[in-house]
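Single-letter residue listing:
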Amino acid sequence: TLIVYFSHSGNTEAVAQQIADITGGTLAEIQRAEPYTNVNTEGEEELSNNARPEITVNIDSIDNYQTIFVGYPIWWDEAPMVIDTFLESYDFTGKTLVPFCTSASDDIDNSLHIFHELAPQATIAEALTANDETDIAPWLQRLGYR
């Protein structure tokens, strides 16, 4: 199990760590190759332009993992464009992707289309808006983790 995440403020990173603690999975952080100087302006511009910012992520081999959790904050009711870059960078055929997010107001539903569009050969598992940490363990139990 791999837990890949992008976290600008640390909230998504904290959830990713909890998932790793429960599942025993490997953590890998997605970073924008050029850090944001003004996340509001740059993040919104990327979304408006359907941009694919260059990213870095330390994964030895995606082939070593069958289940891949993908975590991100919700920005303007969508996943940050670095997640699109990540999904387009690997072949997820036969793998299970498990989306999770953190958000101040929106839930994950509007952002899920990218998984179906950019990783159509993957199985997309039940997603979670992880704003309440007490939701994480029951969600993982439903996914088969104890």
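Data block above holds the structure.
**Student:** Any chance you could explain the nonpolar core here in plain terms?
**Tutor:** Where a protein is soluble and globular, its nonpolar side chains tend to be buried together. In this structure, Tyr 72, Ile 83 and Phe 86 are the most contacted members of the largest nonpolar core, which totals 32 residues. If you list the elements that add at least two residues to this core, you get strand 1 (2-5), strand 2 (26-32), strand 3 (55-57), strand 4 (67-73), helix 3 (81-89), strand 5 (96-102) and helix 4 (113-118). Here the element with the most residues in this core is helix 3; it accounts for four residues. When residues no more than four places from it in sequence are discounted, the contact partners of Phe 86 are Val 4, Ile 30, Ile 55, Val 57, Ile 59, Ile 62, Val 70 and Phe 92. Listed in part, the 16 residues of the second largest apolar core include Tyr 5, Phe 100, Trp 139 and Leu 140.

**Student:** Sorry, what's going on with the pattern of salt bridges here?
**Tutor:** Oppositely charged side chains may form a pair once their charged atoms are brought near each other. Scanning the entire structure with this criterion turns up five salt bridges. Across the pair Glu 88 and Arg 52 runs a salt bridge, and its minimum N-O distance is 2.9 Å. In this pair, Glu 88 is assigned in helix 3 and Arg 52 in the loop between helix 2 (39-48) and strand 3, connecting sequence segments 36 residues apart. Glu 88 gets classed as partly exposed once you look at its relative accessible area, which sits at 44%. On the accessibility criterion, Arg 52 (31% relative accessible area) is partly exposed.

**Student:** What exactly am I supposed to notice about the pairing of strand 1 here?
**Tutor:** Side chains on a regular strand alternate between the two faces of the sheet. Burial along strand 1 is two-sided: the residues Leu 2 and Val 4 and Ile 3 and Tyr 5 are all buried. Bridge analysis of strand 1 against strand 2 gives four bridges, and the strand direction is parallel. The residue of strand 2 that forms the bridge with Ile 3 is Leu 27. Since strand 1 and strand 2 lie parallel, the crossover through helix 1 (residues 11-23) that links them has a hand, and here it is right-handed. Pairing of strand 1 with strand 4 involves four bridges; the strand directions are parallel. Its bridge partner lying in strand 4, Ile 3 is registered against Phe 69.

**Student:** Can you help me understand the packing of aromatic side chains in this one?
**Tutor:** Geometrically, a pair of aromatic rings is defined through the distance of the ring centres and the angle of the planes. One pass over the structure, following the stated rule, counts eleven aromatic pairs. Taken together, a centroid distance of 6.2 Å and an interplanar angle of 80° make the contact between Trp 75 and Trp 76 edge-to-face. On the basis of relative accessible area, Trp 75 is assigned to the buried category, the value being 14%. Taken together, the ring pairs in this structure connect Phe 6, Tyr 36, Trp 75 and Trp 76 into an aromatic cluster. In this arrangement the basic side chain of Arg 32 is found over the ring face of Tyr 36, its NZ or CZ atom lying 4.1 Å from the centre.

What counts and how
- Residues numbered from 1 in each chain as written.
- Predicted model: local features only at pLDDT ≥ 70, side-chain atom pairs only at ≥ 80, totals over all residues.
- Heavy atoms only, no water.
- Core = buried A, V, L, I, M, F, W, Y, C linked by side-chain atoms within 4.5 Å.
- Buried < 20%, exposed > 50% of the residue type's maximum accessible area, 1.4 Å probe, protein only.
- Helix = DSSP H or I, 4+ residues; strand = E, 2+ residues; numbered from the N terminus.
- Contact = heavy atoms within 4.5 Å.
- Salt bridge = Lys/Arg side-chain N within 4 Å of Asp/Glu carboxyl O.
- Pairing = 2+ DSSP bridges.
- Right-handed = clockwise from strand over helix to strand, strands pointing away.
- Phe/Tyr/Trp six-rings, centres within 6.5 Å; stacked < 30°, edge-to-face > 60°.
- Lys NZ or Arg CZ within 6 Å of the ring centre and 35° of its normal.

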